[in-house]
Amino acid sequence: MSISTLQDFENFIEIFPNIYRATFNLQFGPLHWPVSIFLINVEPSNNIWILIDTADPDNISKFFTALTQHFLKFPNYQLKYILLTHDHFDHTGSILRLLDEYKDIKLVLGEPESFHTNNKNVNGNTHTQQLATVEGKITVDKNRIVMIKREKEEEFEFFNVLKPIFIADHTLEFVSNNIGSISYLHIPTNCIMVGDSLMNLSTSQCSEPVISLPFTSTPSHLNSVKESIKNIARLDVKIVFPAHDHSQKGLSINDVRAFANTLKT
Ligand SMILES: [Zn+2]
């Protein structure tokens, strides 16, 4: 299935009430994958918005075009936070430009990423390494970072609308694809954005997308990934949205549970 046939291709579409999604074509070697950005209207009465993920570096300008187009319909909007499901390059590409263009926006990270951003000079690995690779050496002002801590998720300002859930331990040492560090549950619709915890892709053999595991690098990493999917399957949610998804409607929790039941750890 071609990514460009998705209704939300390079364009924010309301896929559930107050959840908007735009999907971009991620080219990574021979791969062409959909990569989605979610835009949540967390407080419609006050026109307050939150982004979940920021696409890959090759799609920055297309993402900003989509964002500008979208907000033409919402004058006087406030874009308050950038949330990250995890720290890979294909989800973090636009962070620097967003911080630059939106002077009040803050970057929200899960505790595992805090190590990198506590330093004035950001030169760690994973998220920051990838940012540095793209942009050269960069600095993220500590005042513009909000840390989500385990067991203290309720400190997040919009916890009652967009609840952060640590699905499994984040394994920083893996440069290849990994588990979602934080998932975000949209309470009003009971939909959860799970990053790369699992994927829903069509293949050359099969045009209908199928659920698959993300890439893993070691047997223990593979086990963490399976554990995170089992954790998602235990949640009392309705729809699961992977960041790489060839469908418009996400996955029903029953499909995720059926997939989780096939996984042996
Ligand atoms: Zn990804």
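Keep in mind it's a predicted model, so treat the numbers as computed, not measured. (Residues numbered from 1 in each chain as written. Predicted model: local features only at pLDDT ≥ 70, side-chain atom pairs only at ≥ 80, totals over all residues. Heavy atoms only, no water.)

1. A closer look at the overall build of the protein chain
Helix and strand counts for the protein chain stand at seven helices and 14 strands. For the protein chain, contacts bridging at least 24 residues in sequence account for 63% of all contacts bridging at least 6. (Helix = DSSP H or I, 4+ residues; strand = E, 2+ residues; numbered from the N terminus. Contact = heavy atoms within 4.5 Å.)

2. A look at the confidence of the model for the protein chain
Looking at the protein chain as a whole, the pLDDT averages 84, with 83% of positions reaching at least 70. In the model, residues 114-137 has pLDDT below 50 throughout and makes 43 contacts with residues more than four positions away in sequence or in other chains. Low pLDDT, under 50, characterises residues 170-180; the stretch is placed with 57 contacts to residues that sit more than four places away or in other chains. (pLDDT = per-residue confidence, 0-100.)

3. Re the pattern of salt bridges
On inspection of all chains with the given rule, the structure shows seven salt bridges. Salt-bridge contacts for R21 lead to D8; the nearest nitrogen and oxygen are separated by 2.6 Å. Note that R21 is positioned in strand 2 (residues 19-28) and D8 in the segment before strand 1 (13-16), a separation of 13 residues in sequence. Each member of the pair, R21 together with D8, is buried. Here R234 and E227 are joined by a salt bridge, their closest N and O atoms 3.9 Å apart. Under the relative-accessibility criterion, E227 is labelled partly exposed at 31%. (Salt bridge = Lys/Arg side-chain N within 4 Å of Asp/Glu carboxyl O. Buried < 20%, exposed > 50% of the residue type's maximum accessible area, 1.4 Å probe, protein only.)

4. Points about the coordination of the zinc ion
Only D90 (OD), H91 (NE2), D196 (OD) and H244 (NE2) from the protein reach the zinc ion as donors, at distances of 2.1 Å. In primary sequence terms, the donor set of the zinc ion follows D-H-x104-D-x47-H. Residue D196 is located in the loop between strand 10 (191-195) and strand 11 (199-201), and its partner H244 is located in the loop between strand 13 (239-242) and strand 14 (251-252); the two are separated by 48 residues in the primary sequence. Across the pair, H244 and D196 agree in class, each one buried. (Donors = N, O, S within 2.8 Å, 3.2 Å for Na, K, Ca; no water.)

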